[in-house]
Each structure stands twice: as structure tokens, then as C-alpha cells.
Amino acid sequence: MSSSKRRRILAPRLFSLTCVRTEMSDLKVADKLSGQRQRVLVVGAGIIGLAVALRLQQDGHGVTLVDRDEPMSGCSAGNAGHLTEANIFPPLSLELLMQLPRLLLMRDGPVVVRPSYALQMAAWVRRALPTLNSDTKEQIVTTLAAMSLAAYEELKLLAQISGAEELLHRDGAIYAFRSLEALDKKAAALAVWQANDVKVDRLDADELAEMEPALCRPLAGGFFFRNSGRCSDPKEFGMRMFRKLANAGVPFHKARVDDVQRTGDGLRLTTSSGDLQADKVVLCAGYGTGELIRRLGGTAPLASERGYHLMLPQPSIALRRPVAFPEHYFIATPMDNGLRLGGTAEFCQPDAPPDYRRAHAMLGLVQQYLPGTSGTDAEPWMGVRPSLPDGLPTIGELTKRPGVLYAFGHGHTGLTLSGITASCVSALLGGSAPGFDFSPLDLKRFE
Ligand SMILES: Cc1cc2nc3c(=O)[nH]c(=O)nc-3n(C[C@H](O)[C@H](O)[C@H](O)COP(=O)(O)OP(=O)(O)OC[C@H]3O[C@@H](n4cnc5c(N)ncnc54)[C@H](O)[C@@H]3O)c2cc1C
């Protein structure tokens, strides 16, 4: 990060808005701003919306935040806190494709498709098929790797601005394997990670045991991602950004956004509690963005890929860093308030009742790897991942609706990529460009 870029982001705010958390009967809009600075409405106060809002506020724009719910109450509230450099592959592989018919029939596997979601799933998989092509896959991998490698520093910058640095840790992360066969199968991925500058080493059984003494022995070995990290309280991290914005006078409107229309001098948002005016709008509403984009005439093939966590406040064992168990599709991350087990993929209607047995099942699994883990006072949670079929998030501006920008579809890595996403949105509004080509993230790829 160049010192000039750092100075620009940390520069004091250039203007001040006055109303914070307005009543909807009292909606105000910022006065027209001069020069490059614009009135920007950010829809969604999850980790993506908050990172975007903070970045744009630091750039000098007149930001307003809107969410139908309280900040950080969606998918971002309970993620596993893994700041990963490993997730650079599209979700569909030939192996997974072969397993799909069986998954459709399974009730309790790590990846399940509920029967009521079968049609949506079929359409989503059809959209994912082109990623099996090696050229397409390579472009996705290259883009995700570039984003992931820049992600930690961008997030750290937002943490500095919002006084949340102590919540970020960069001690690496581990993938641990029980079977040598499964570990060897991943050797192909190792070559791709290394070719894309991800700092990763293969660990044998002794090295793994030395790095994480709580793991049972013998495991087959694993991978150590040197530059991955963790956030030890993801909800608090987002709330620090929200409080920083509130203290800077950025208004927060609690309202559902239903539509965006162009008016003579900008854009008008129709919300459940009245209209709002702006020069630009950024849609960062997670899974909810799909519906908004459709209403605006666009295409956003989002799947509702629900995931669960089980929070263990008194785990009785300690890990030093996030440890993922790819054979069982879950991860254990040390948090400030205990050990969090996160994972599983349940493709189903987003508002179907949660099946918390999926969260509790992770306790039995983790005890196979971390003997003696205690489930006392364990608390389950469920969140809806906004997942796109090619594994890339989308960041851009709607061609048919100039001035309407979007940043959503971060699937399994929204926390990790929130800072770099904010940097891309900043570039779309005249800020400096991030050091990689983010044009592949445009929604046009689905048209
Ligand atoms: C179990 C689990 C573990 C995970 N682990 C990790 C991890 O370790 N590392 C990682 O990087 N990522 C992880 N993720 C993924 C990450 O949590 C998501 O990618 C991220 O939270 C998405 O953030 P978001 O801001 O886009 O969505 P959300 O947090 O869902 O925020 C969207 C907001 O938009 C609002 N909204 C929606 N529609 C409207 C509307 N019409 N009007 C107004 N407001 C609206 C919602 O109320 C919500 O507050 C995990 C996810 C799950 C489920």
C-alpha cells in the first residue's frame, strides 16, 4: 500500500451530515455536493454495505445507509471469521456434479438440496456449468486470487479507521486431513494456489500436530496458509464500522428498499417508509439484492446457500488459528468468546425454518478431530449466503440504470473480501483503482 493511498483513505472527513438514525417521517437528503463528491445511498448494512459506506465516506462522499433490519443482523453476523486466501476456486467441480443426484436425496449431508429448491438448484447448476471449462475456470481463479491476496490489507485499513484492529489476526490458517488419499487429491489445488502466489505449504502429520497440539493424532497432514487470518468477533467488527459511520454523522434509515427510479436530478429510492434521493445508489443487500436487481431489469442468479454455526463458549480446548476440515466441510475458528464451528451448505428457500440439527451435528464432527471439545452452552445460528454460480462476487454499475451500482454475491468469502470490494466500488466512483482488473466481476457475465 503506497503512503499516498493510505493518507487519502485516512484523511479527515471533508464535510458533515447531521442526522443520524432518522425517523422515516423525517427523511432528509444531503444537499447537492460539489465536484467529484456525490450523495450516495448504500443499501444493506451487512459487512459489504458497511465496508462500502465507510470507504466512500472516507473518500468524501455524502453517504446514507439503508437497511430493512438492524445493522449486521444478516449473514454477516455469524460467519466463521476466516480471512482466507484459499477460496479461489469456482464452487462447481466435476466431482460435485457427479454427487448431485445423491445429494438431492440426502437429508443430513454436509451439502444438501431441499426438494422444494430442486428447480432453482438445477437452474443455478446450469449457470455454473461453463466454469468447468478450463479457460473460464482459470480466469475466475486469477481474479479471486488477486482479490484474496489484496483483501487483508484493505480490511486492516478499515479496521484502523474504525478502531477495530485488535479484532484482526494474521497467524495463518490450516486445512487438516484425516485421510492421506483426500490430502493427496488436493495436490492439484496446491499447484494452482502456488502458481497464483498464495503462500501455502504442505504439512506432514508431525508438523500439523506441532502447529495445533489440540488436534488428535495421527491425522494425515494438511496445508498451512501463511497469510490467511481471522476476525475474532465478526459482528463486533461490523458494528465498529457502523459506529464510526454514525459518529461521523452518516444517517441510517431502517427501511426496506423496493425500487430505484431516475429523476431529473438523480435517483429516487422507493422504500417501505418513504422516498430517498441520491446521485448514486450502491446495492449491497446480500441475498436480498437478487430481487432488487430483477425489479430493475437485470439478472442475478443468486442461490440461497444457507450455512450454520455452533458457538462453543467453553470449548475446553484451544486452537491457535482457524482450522478447516475439508473432508467434513466445516471449520473451527478461535473467537474472543469461544470456539466457533461454521459450515455446511443447505440450498433451500431462505425463509424456511432453520434446521439447527445441522449446527449441532458439527459438535460430533469436531470431537473426532479435537478430542475433549465441550459443547456446554453451545448456541446455534443460521445465515443465508448470497451465492453466485461461478463463485465470483459481482461489482459494477447496471448498464440499463446508470448511477445504480452493486456489490453482492460474496458466497463463502464476504468477510474476507469486504475491504477489497469497498475499494473496487470506490474506484467506480472516481477513487483510485485497485491493483487488479475487476471487470470480470460485472453482472454482464450472466446476461
Ligand atoms: C456459516 C457461515 C460461515 C461463513 N464463514 C465465513 C468466513 O469464515 N469468512 C468469510 O469471508 N465469509 C464467511 N461467510 C460468508 C459471509 O458471511 C457472507 O459472504 C457475507 O456475510 C455477505 O455479506 P453481505 O453484506 O453481502 O450480506 P448480509 O450480511 O446478509 O447483509 C445484507 C443486508 O441487506 C439487507 N437487505 C436485504 N434486502 C434489503 C432491501 N430490499 N432493503 C433494505 N435492506 C435489505 C439485509 O437486511 C442485510 O442486513 C460465512 C457465511 C456463513 C453462513
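Residues numbered from 1 in each chain as written. Predicted model: local features only at pLDDT ≥ 70, side-chain atom pairs only at ≥ 80, totals over all residues. Heavy atoms only, no water.

## Brief notes about the pattern of salt bridges
- Following the criterion strictly, the structure yields 25 salt bridges and no others.
- Among the ionic pairs, Glu291 bridges to Arg294, the shortest N-O distance being 3.6 Å. Of the two residues, Glu291 and Arg294 are both situated in helix α10 (residues 289-295); the distance of three residues between them amounts to about one turn of the helix.
- Given a relative accessible area of 37%, Glu291 falls into the partly exposed group. (Salt bridge = Lys/Arg side-chain N within 4 Å of Asp/Glu carboxyl O. Helix = DSSP H or I, 4+ residues; strand = E, 2+ residues; numbered from the N terminus. Buried < 20%, exposed > 50% of the residue type's maximum accessible area, 1.4 Å probe, protein only.)

## A few points about the nonpolar core
- Counting residues in each nonpolar core, the largest one holds 71 residues, and the members touching the most others are Val52, Leu65, Trp193, Phe223 and Phe237.
- At eleven residues, the largest contribution of residues to this core is made by helix α5 (residues 134-161).
- Sequence-distant contacts of Phe223, that is, excluding residues within four places in its chain, are made with Ala173, Ile174, Tyr175, Phe177, Leu183, Lys186, Leu190, Trp193, Val200, Asp201, Arg202 and Leu203.
- Residues Cys216, Phe224, Phe330 and Val384 belong to the second largest nonpolar core, which totals 30 residues. (Core = buried A, V, L, I, M, F, W, Y, C linked by side-chain atoms within 4.5 Å. Contact = heavy atoms within 4.5 Å.)

## Brief notes about the side chain of Thr263
- With respect to the helices, strands and loops of the structure, Thr263 is situated in strand β11 (residues 257-263).
- Thr263 gets classed as buried once you look at its relative accessible area, which sits at 19%.
- Here Thr263 is in contact with Arg268 and Gln277, once residues within four sequence places are set aside.

## Examining the sheet that holds strand β2 (residues 62-67)
- Pairing in this open sheet of six strands is mixed, and the strands run β10-β2-β1-β14-β21-β20 from one edge to the other. Only two strands of the sheet have a single neighbouring strand rather than two, namely β10 (252-254) and β20 (394-397). Along the sheet, successive strands turn relative to each other by an average axial angle of 15 degrees, direction set aside.
- Relative to strand β21 (residues 404-408), strand β14 (residues 280-283) runs parallel, the two being bridged by three bridges. Along β21, the bridge assignment pairs Val281 with Val404.
- Taken strand by strand, helix α2 (residues 47-59) contacts β1 (39-43), β2, β14 and β21, and its axis lies near 165 degrees from that of β2. (Pairing = 2+ DSSP bridges. Axes fitted to C-alpha atoms, helices over the stretch in contact; angles between N-to-C directions.)

## Considerations on the site of the ligand
- Close to the ligand lie 34 residues; Asp67, Ser76, His82, Gly411 and Thr416 are nearest.
- A distance of 3.3 Å is found between an oxygen atom of the ligand and a backbone nitrogen or oxygen belonging to Ile47.
- With respect to the ligand, the backbone of Ile48 contributes an N or O atom lying 3.2 Å from an oxygen atom.
- Calculation on the ligand without its partners gives an accessible area of 1000 Å², and the protein chains cover 95% of this total.
- Within the residue set of the shell around the ligand, elements represented by two or more residues are α2, β15 (303-312), β19 (379-387) and α12 (414-428).
- Here the shell around the ligand is composed, by residue class, of twelve nonpolar, 17 polar and five charged.
- Two domains each provide a minimum of three residues to the shell around the ligand, namely domain 1 (3-75 + 235-301 + 391-446) and domain 2 (85-132 + 171-227 + 302-387). (Near = heavy atom within 4 Å. Polar contact = N/O pair within 3.5 Å; in protein donor to acceptor, adjacent residues only side chain to side chain. Areas by Shrake-Rupley, 256 points an atom, 1.4 Å probe, with all protein chains shown as cover. Nonpolar A, V, L, I, M, F, W, Y, C, P; charged D, E, K, R; others polar. Domains from an automatic or database assignment.)

## Some details on the pairing of β14
- Here β14 shows two buried faces, one formed by Lys280 and Val282 and the other by Val281 and Leu283.
- In terms of strand pairing, β1 meets β14 through four bridges, oriented parallel. Looking at the pairing, Val40 lines up with Lys280 of β14.

## Notes on the domain arrangement of the protein
- Under the domain assignment used here, the protein contains domain 1 (3-75 + 235-301 + 391-446) and domain 2 (85-132 + 171-227 + 302-387).
- Its C-alpha centre places domain 1 at a distance of 30 Å from the equivalent point of domain 2.
- Applying the counting rule to domain 1 against domain 2 returns six residue pairs in polar contact (both at pLDDT 80 or more).
- The class makeup of the residues in the side of domain 1 that touches domain 2 is six nonpolar, ten polar and no charged.

## Some words on a nonpolar patch on the surface
- On the surface, Leu94, Leu129 and Leu132 cluster together to form a nonpolar patch covering roughly 260 Å² of accessible area.
- Mapping Leu94 onto the fold places it in helix α3 (residues 94-105).
- Leu94 gets classed as exposed once you look at its relative accessible area, which sits at 56%. (Patch = residues over 30% accessible without salt bridge, like charges linked within 9 Å, V, L, I, M, F, W, Y side chains within 5 Å.)

## Things to note about the packing of α2 against α12
- The N-to-C vectors of α2 and α12 enclose an angle of 35 degrees; their axes lie 8 Å apart at closest approach. Relative to α12, the crossing made by α2 is right-handed. Where α2 abuts α12, its residues Ile47, Ile48, Ala51, Val52, Arg55, Leu56 and Asp59 lie against Gly414, Leu415, Ser418, Thr421, Ala422, Ser423, Val425 and Ser426. (Left-handed = near helix turned anticlockwise from the far one by under 90°.)

## A look at the UniProt feature "domain: FAD dependent oxidoreductase" (unreviewed entry) in the protein
- According to UniProt, the "domain: FAD dependent oxidoreductase" (unreviewed entry) feature falls on residues 39-427.
- For the annotated span residues 39-427, helix accounts for 34% and strand for 28% of the residues, and the straight-line distance between the end C-alpha atoms is 16 Å. (UniProt positions renumbered as here; feature names shortened; annotations may be inferred.)

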